[in-house]
Amino acid sequence: MKHKKLNVELPEVIPNLRGVYNFPLPFQGDEYNVRLHSWVDGRMVGEVNPRTNELFFSWGETCGELSHAFHGFDHAAAHRFDEWNPIETLHSKRYLKYITDEKKSNVANHFWNLFEQEALNEIPTLRRSVNHSDAHEYNLLVQKGSNPSKVTGVIDFGDAIAAPTICELAIACAYTGMFAPDPILAMCETIKGYHSKFPVEDKEIKLLYYLIGARLMISVSHAALKYYEDPKNEYHQISAGPAWELLFKLKEISPDFALFSFRAACGKSPHPNADQVAKWMKSNPEKIGDPVNLKAKKTCKLDLSVGSISLGNNSNFETVPKFSKKISAILEEHQCDLGIGGYGEVRPFYTTDAYKVEGYNGPQWRTMHLATDFWTVAGTEVLAMADGTVHAIRNNDNPCDYGPTVILKHKADSLNFFSLYGHLSLETMEHLQVGQRVKKGEIIAWIGHEEVNGGWPPHLHFQIMLDLLGNDGDFPGVAFVHERDVWMSICPTLPSLEMYKSNCLNYGGDNIIATRQKVLGKSLSVSYKKPLHMVRGYGIHLYDDTGRRYIDTVNNVAHVGHEHPRIVRAAQRQFVLLNTNTRYLHKNIIEYAEKLLAHCPPEMEVVYFVNSGSEANELALRMAKTYAAQEDMIALEVGYHGNTGACIDISSYKFDGKGGSGAPEFTSICRMPNTYRGEYKNAETAGPLYAEDVKKAIQRLKKKGRNVAGFIAESILSCGGQVMLPSGYLADCYSYVRAEGGLCIADEVQVGFGRVGSHFWAFELQDVVPDIITCGKPIGNGHPMAAVITTRKVAEVFANGMEYFNTFGGNPVSCAIGHEVLSVVEDEKLQENAKEIGNYFIKGLQVLKDKYLILGDVRGIGLFLGFELVKDRKTLDPAAEQATYLVNRMRDLGILMSTDGPLHNVIKIKPPMCIKKEHVDEILKRLDQVFAEDFMRISQ
């Protein structure tokens, strides 16, 4: 039954056949009172995987609707004592003796004491109503089917009592916080949902943390009692483990921070005094000063954000000497001796494994800076920002910490606030004493050098805090971006420093999407349901505008790693000297051509440089048609060779897809030699059988009085779904084409340059030598360049009098980059790495295949891999929706993946070649996590 005030189904009490609503029923020698309820359809929330923010919101929304529906309702039977009522938590304290673990006992006393000290006396002032009082995951239902995120039913009103209304939300939060890596985030989503249906009052928010702890203490203390009475009964311990885990997490979270977060979830100013302190600062400029004498310095705004062009790539801050050198270079470029910035800035320094924590969506990092930094020389005087007293002095001497730190306490009318000065000199520790009074502008410290300041380039970290959150001598200087509003409310900046506030998050993805839709063609697509705003890349990782780090398994363009320092340096060194076309002599093009040819079969002797893989294939087609004096090309089903007109004409992936009109007259398409889905499934014998298609295509052409100019195929079929060619396939295809005077083109745009591990070129897997090799994507590690490599004979026939000239192809900068890419592949043994890591990856995927039926096939070699998802391993019904779901969930978890294949059910894996085993382990771990989720389940 759907209640008229609710959007969820509720059970209805119904009579038995005799018309009686409550009746006795004997069971196992005892007699019980029984009542019948109507059936409420759905799945238990406790069975849902994953529990999403949308589900947490709906959870709270449902509880808010219950509170709204119960508002004004009363019943005598609801006024009774119930041990499970959070306000009765102290009644359960008598079970403390059954909590025998000392750590748990200490946590129990902590939360009971907090409740008694902070909440007990405020209980009588709270709104009261009849509450459901048990909105846990097995009393809430969601719609049947996969990926549910909306609560559709509520059952079990047997615990309904009259209690403070806010207890309804506290109980819900106690359960949504369980199993959540970030319980405050889960609770805030629940609070948002509740508040949207039944607004929460300030005094209720103030007690919410303590009431959540109170309910959890009831749960764990009763579980301890039940275990004492019946240690074999596992039912009574179902919630005990998760409840204890949540209590330990909550103990590490300041009650004040929880309060500020809960206030933000209700749309209120996170810190209740933030506006008052800000008003005082603006009204009393004479009482506030800068922490450094800015009049004695030439200053500039310093941008060290994750997208900062000034900061450059990660190699500039990998070590303190490099970082110090970069800061000095930036200051010199701006011709200033003091750089100011950092407040609200999302920084890339904090995205290493040392700062990684497990969050709701996989790993996350505290990347947003909460202070203003003053970058200058060591020994610079540090001044008190206002009158106050020395609250704390401490040497936080851990690596990358503050080093010597001073915290001052100030007054803003009747309110206290604090200022922190970090990265100071050791002399500071002797200069001040706790309790010492200081005046605005008084010298309180000096900026320390890197050996003592926590290991940073010399600078002052200056931060204001309205609440110390239980800290003493230290305070977080960075925060998660998703907690931005809360932390910036706790840690405002001085009015005089507002001009230095970072704007790196002001032009986010939503703004870019809106502008993009106006100024760019609609044919240009973006990845993922929630597009990513990428601002930095380094090695195997890409970084979005929030500083979130992603493992990139898609980008085979960044062949040796995103923004590899050697490639960047090679480009910069040549670019500052000369970049021009090939009509002038230059050694770079010669040296690079020789180095590239050294990796080719000896038959390959001539190189043509172009700007993209599309242009390379376009040129290869011209060569074939010129050489054979024919127009017809043979290509493969679902092949893709580029976006030029001629390339589209041979790309079945395009002309057989949306917007296409089928194969042009001069293009013959042969079946994809797919041994998983195709007619022939034995990889050892299927090659010659599939190659017969090429022979038949030639026969059809000859019947029309024409013949073949060339045959083009990727050496591993990428858009076809990472399909490996069966043994002997290319050898037979090449022989059929060459017998008719045609040329054979190996499209190595995606698979070349050592990616397959065992060989430098993927065509070598087939033990053949093509007439033309086309290269692109990885050749320049992201720089737009490509090449066509061919035999002397083909080159001579192509030189028929018509000049071939390419304005940018083979320019000195591109050749310097290409040369360095090959050197990095050699020096860092990336081909060997592709072989080792590829084998390791395949073994891990095979383990997942054995575990999950949806994973139908694992294929590929080296670091050009794929796996195909199917709903049924016998019928091979493609699981395209699941593939899309997996890609988007992996994006949420910090792994970039993409779908491919004609049925859109293949996940392609072709990462930068610098990938390591630890990256593969993380990918496999997250795949395992997602494969176990509801939407990925299939049954056979």
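All of these numbers come straight from a predicted model, not from anything done at the bench.

1. Describing helix α18 (residues 686-703)
- An ideal rise of 1.5 Å per residue puts 26 Å on 18 residues; α18 measures up with 27 Å between its terminal C-alpha atoms.
- Residues A686, G687, Y690, A691, D693, V694, A697, I698 and L701 constitute the buried set of α18. Burial along α18 is one-sided: seen end-on, the buried residues are contained in an arc of 145°.
- The inward-facing, buried residues of α18 abut β27 (632-636), β28 (667-670), β29 (708-714) and α19 (729-738).
- Looking at the residues trailing α18, positive phi occurs at G705, about 80°.

2. Topic: the packing of helix α2 (residues 102-119) against helix α5 (residues 202-229)
- At a minimum axis separation of 9 Å, α2 and α5 run at an interaxial angle of 140°. By the angle between their directions, the pair α2 and α5 is classed as oblique. Note that α2 runs across α5; the crossing there is left-handed. Of the residues in α5, those in contact with A108, F111, W112, L114, F115, E118 and A119 of α2 are L207, Y209, Y210, L211, G213, A214, M217 and S221.
- Considering only residue class, the contact of α2 with α5 consists of twelve nonpolar, two polar and one charged.

3. Overview of the state of the cysteines
- Going through the model one piece at a time under the given rule, you end up with one disulfide.
- The disulfide partner of C300 is C336, and the gap between their sulfur atoms is 2.5 Å. Note that C300 is positioned in strand β9 (residues 299-301) and C336 in the loop between α9 (320-333) and β10 (338-341), a separation of 36 residues in sequence.
- We classify C336 as buried; its relative accessible area is 11%.
- Free of any disulfide, C63 has its nearest cysteine sulfur in C173, 8.5 Å distant.
- The exposure class of C63 is buried, given its relative accessible area of 0%.
- Here C647 stays unpaired: no disulfide links it, and the sulfur of C719, its closest cysteine neighbor, is 13 Å away.

4. With respect to the packing of helix α13 (residues 565-575) against helix α21 (residues 812-827)
- One way to put it is that α13 packs onto α21 with a least axis distance of 9 Å and a crossing angle of 155°. One way to sum up the angle between α13 and α21 is to call them roughly antiparallel. Our pair here, α13 against α21, has a crossing hand that is right-handed. Contacts between α13 and α21 involve R566, I567, A570, A571, Q574 and F575 on the former and, on the latter, P812, V813, A816, I817, E820, V821, S823, V824 and D827.
- Broken down by class, the residue content of the contact of α13 with α21 amounts to ten nonpolar, two polar and three charged.

5. What about the sheet that holds strand β6 (residues 140-142)?
- The three strands are arranged β4-β6-β7 in an open sheet whose pairing can be described as antiparallel. The open sheet is flanked by β4 (43-44) and β7 (151-154), the only strands paired with a single partner.
- Pairing of β6 with β7, which is carried by three bridges, proceeds in the antiparallel orientation. From the neighbouring strand, L141 faces β7, where its bridge partner is G153.
- Sheet strands in contact with helix α1 (residues 53-70) are β6 and β7, and its direction is about 45° off that of β7.

6. A few points about the packing of aromatic side chains
- If you walk through the whole model with that rule in mind, you get 35 aromatic pairs.
- Judged by centre distance (6.1 Å) and plane angle (80°), the ring pair of Y194 and F198 falls under edge-to-face. Here Y194 matches F198 in class, with each residue buried.
- With a centroid separation of 5.4 Å and 50° between ring planes, the pair formed by Y421 and F462 is classed as tilted. Of this pair, Y421 sits in strand β18 (residues 415-422) while F462 sits in strand β21 (residues 459-465); the two residues are 41 residues apart in sequence, bridging distant segments of the chain.
- A residue is classified by how much of its surface remains accessible, and F462, at 3% relative accessible area, is buried.
- Among the aromatic side chains, those forming a connected cluster through ring pairs are F317, F323, F349, Y350, Y355, W375 and W456.

7. Thoughts on the pairing of strand β17 (residues 403-412)
- Counting buried residues along β17, eight of its ten residues qualify, which places the element largely inside the surrounding structure.
- Direction of pairing for strand β16 (residues 388-396) relative to β17: antiparallel, over a ladder of seven bridges. Looking across to β17, one finds that V390 is bridged to L408.
- Counting the residues that bridge the hairpin from β16 to β17 gives six residues, and of these C400 lies at a positive phi of roughly 65°.
- Note that β17 and β18 share seven bridges and pair antiparallel.

8. Points about unusual backbone geometry
- Cis peptide bonds are those with omega within 30 degrees of zero, and the linkage from N49 to P50 qualifies with 5°.
- Even without a glycine there, the phi angle at K829 is positive, about 50°.
- Relative to the elements of secondary structure, K829 occurs in the loop between α21 and α22 (830-851).

9. Some points on the environment of S502
- Along the chain, S502 falls in the loop between α11 (484-490) and α12 (509-519).
- Spatially, the C-alpha atoms of S502 and G342 are 6.2 Å apart, while their sequence positions differ by 160 residues.
- Not counting chain neighbours up to four residues away, the residues in contact with S502 comprise Y343, G344 and E345.

10. A closer look at a nonpolar patch on the surface
- Where nonpolar side chains cluster on the molecular surface, the patch consists of V519, L520 and L524 and spans about 290 Å² of accessible area.
- Here L520 is to be found in the loop between α12 and β23 (534-538).

Analysis parameters
- In this numbering scheme, every chain counts its residues from 1 along its sequence in written order.
- The model is predicted, so local features are restricted to residues of pLDDT at least 70 and side-chain atom pairs to those at 80 or more, both for listing and for counting; the totals for chains, interfaces and linings are taken over all residues.
- Calculation of side-chain values draws on the structure's entire complement of heavy atoms; hydrogens and water are dropped beforehand.
- Helix numbers and strand numbers start at the N terminus; a helix is a DSSP run of H or I with at least 4 residues, a strand a run of E with at least 2.
- Expected helix span is computed as 1.5 Å times (number of residues minus one).
- We call a residue buried when its accessible area falls under 20% of the maximum for its residue type, exposed when it is over 50%, and partly exposed in between, using a 1.4 Å probe and counting protein chains only.
- What the arc covers is the set of directions going from the helix axis to the C-beta atoms.
- Here a residue-residue contact requires only that any non-hydrogen atoms of the pair lie within 4.5 Å.
- Only C-alpha atoms enter the line fits that serve as axes; for helices the fit covers just the stretch in contact. Angles between N-to-C directions range over 0 to 180 degrees.
- Note on angle classes: values under 35 degrees are labelled roughly parallel, values over 145 roughly antiparallel, values of 65 to 115 roughly perpendicular, and the remainder oblique.
- By convention, the crossing between two helices is left-handed when the near helix turns anticlockwise from the far helix through less than a right angle, and right-handed when the turn is clockwise.
- The nonpolar class holds Ala, Val, Leu, Ile, Met, Phe, Trp, Tyr, Cys and Pro. Asp, Glu, Lys and Arg form the charged class, and all remaining residues, Gly among them, are polar.
- The disulfide criterion is simple: two cysteine sulfur atoms within 2.5 Å.
- We treat two strands as partners when DSSP finds at least two bridges between them.
- Side-chain rings of Phe, Tyr and Trp, where Trp is taken by its six-membered ring, are said to pair if the distance between their centres is within 6.5 Å; with planes under 30 degrees apart they count as stacked, over 60 as edge-to-face, and otherwise as tilted.
- Patch definition: residues above 30% relative accessible area lacking any salt bridge, with like charges linked at up to 9 Å and the nonpolar side chains Val, Leu, Ile, Met, Phe, Trp and Tyr linked at up to 5 Å.
- Method for areas: the Shrake-Rupley scheme with a 1.4 Å probe, in which residue coverage is limited to the protein chains shown.
- Whenever Lys or Arg places a side-chain nitrogen within 4 Å of a carboxyl oxygen from Asp or Glu, that contact is recorded as a salt bridge.

By themselves, these observations are geometric and do not establish any function.
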